[in-house]
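Chain residues, written in single-letter form:
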Amino acid sequence: MKLSNTRLTDKQVTEYAMTYSDLFTEWSFSDSLHFFRVSGAVFQQVWFENVSSGAYRPASGLRILVAPESKMLHQFLDSKNREILPREHSGVSLRVAQAMNEQFIPEIRKPLDPLEACEFCENTAAHRINDAHAMSGLYAYLGNDEKASEWLDMLDSLLLTRINDLMEWERNRMEYGSRLRECLKMNGTKDFLDATLSQELCRLSF
């Protein structure tokens, strides 16, 4: 791809994004340049990054709303469809649409199922704080206390390696883990996660 020094405007990116709207008939569109949908504790979005090459780049990912600020399954398309310049758009948009439909997971034309999303996340999760945070909350939301506890154990072990040098976001994860673990012991998980979910939905301000 020949690089350009001129970024697209947000208006241009929106116009290109909307040419793919037939893929997202059951989704909503935000003025922050992304399509999104919510099912239970899972927020899925597809957005179009405005990159310095002068192209736009489709991307997809999940947020786990009961684990604040956690993100999973961040995906780009394959190299053939990754970045699209304006002069290429009309000739490749059908191919890019097919690539989004085939490559992004969960599949964008199927109903969003939190249990299926959890399985996808489990298969790609790594030994890191974000993933342990997300998976502990999602499993707790789905009622799998055993798996939630396993991921909380991982979260604790990861945070303990940095106990003397925790950043604010890591302290927030530690506090979350402690509260969730206590709720699991006291059978108070639903109230805690429902409150967290409500707060996250308000924060995202659809």
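Just above, that's the structure.
Keep in mind it's a predicted model, so treat the numbers as computed, not measured.

Here the focus is the sheet that holds strand S1 (residues 28-30). Taken in spatial order, the five strands line up as S1-S2-S3-S4-S5 in an open sheet, and their pairing is antiparallel. Among the strands making up the open sheet, the edge pair consists of S1 and strand S5 (71-76). Direction aside, neighbouring strands of the sheet carry axes that sit 25° apart on average. Sheet topology places strand S3 (residues 42-50) next to strand S4 (residues 56-64); nine bridges connect them, and they run antiparallel. Paired with Asn50 across the two strands is Tyr56, which belongs to S4. Running at roughly 20° to S4, helix H2 (residues 86-103) makes contact with S3, S4 and S5 of the sheet. The strands that helix H3 (residues 114-124) touches are strand S2 (34-39), S3, S4 and S5; relative to S5, the one it contacts most, it runs at about 75°.

One can find Asp78 in the loop between S5 and H2. Its relative accessible area of 29% is what places Asp78 among the partly exposed residues. Separated by 21 residues in the primary sequence, Asp78 and Ala99 place their C-alpha atoms 8.0 Å from one another. A polar contact of 2.9 Å, which involves the side chain of Asp78, links it to the side chain of Asn81.

Under the counting rule described, the total for this entry stands at zero disulfides. Cysteine Cys183 is unpaired, with the sulfur of Cys118 as its nearest cysteine sulfur at 19 Å. Taking the relative accessible area as the measure of exposure, Cys183 reaches 16% and is therefore buried. Here Cys202 stays free of any disulfide, with the sulfur of Cys183 as its closest cysteine sulfur at 19 Å. Accessibility expressed as a relative area gives 58% for Cys202, which makes it exposed.

Turning to a nonpolar patch on the surface, a few remarks are in order. A cluster of nonpolar side chains, contributed by Leu115, Tyr141 and Leu142, occupies part of the molecular surface with about 240 Å² of accessible area. Looking at the element boundaries, Leu142 is found in the loop between helix H4 (129-141) and helix H5 (145-160). Residue Leu142 is classed as partly exposed on the basis of its relative accessible area, which comes to 32%.

On to the packing of H5 against helix H6 (residues 168-186), then. At their nearest, the axes of H5 and H6 sit 10 Å apart, and the two run at 145° to each other. The chirality of how H5 crosses H6 is left-handed. Between H5 and H6, the contacting residues are Asp145, Ala148, Ser149, Leu152, Asp153, Leu155, Asp156 and Leu159 on the first element and Glu170, Arg173, Met174, Gly177, Leu180, Arg181 and Leu184 on the second. Split by residue class, the contact of H5 with H6 holds seven nonpolar, two polar and six charged.

Tallying each qualifying case throughout the model produces 13 salt bridges. Residue Glu15 pairs with Lys11 through a salt bridge whose shortest N-O separation is 2.6 Å. Remark: Lys11 and Glu15 occur in helix H1 (residues 10-18); sequence separation between them is four residues, near one turn of the helix. Glu15 sits in the partly exposed class, given a relative accessible area of 43%. We note a salt bridge from Lys110 to Glu116, for which the minimum N-O separation is 3.4 Å.

Parameters at a glance
Residues numbered from 1 in each chain as written. Predicted model: local features only at pLDDT ≥ 70, side-chain atom pairs only at ≥ 80, totals over all residues. Heavy atoms only, no water. Pairing = 2+ DSSP bridges. Helix = DSSP H or I, 4+ residues; strand = E, 2+ residues; numbered from the N terminus. Axes fitted to C-alpha atoms, helices over the stretch in contact; angles between N-to-C directions. Contact = heavy atoms within 4.5 Å. Buried < 20%, exposed > 50% of the residue type's maximum accessible area, 1.4 Å probe, protein only. Polar contact = N/O pair within 3.5 Å; in protein donor to acceptor, adjacent residues only side chain to side chain. Disulfide = S-S within 2.5 Å. Patch = residues over 30% accessible without salt bridge, like charges linked within 9 Å, V, L, I, M, F, W, Y side chains within 5 Å. Areas by Shrake-Rupley, 256 points an atom, 1.4 Å probe, with all protein chains shown as cover. Salt bridge = Lys/Arg side-chain N within 4 Å of Asp/Glu carboxyl O. Left-handed = near helix turned anticlockwise from the far one by under 90°. Nonpolar A, V, L, I, M, F, W, Y, C, P; charged D, E, K, R; others polar.

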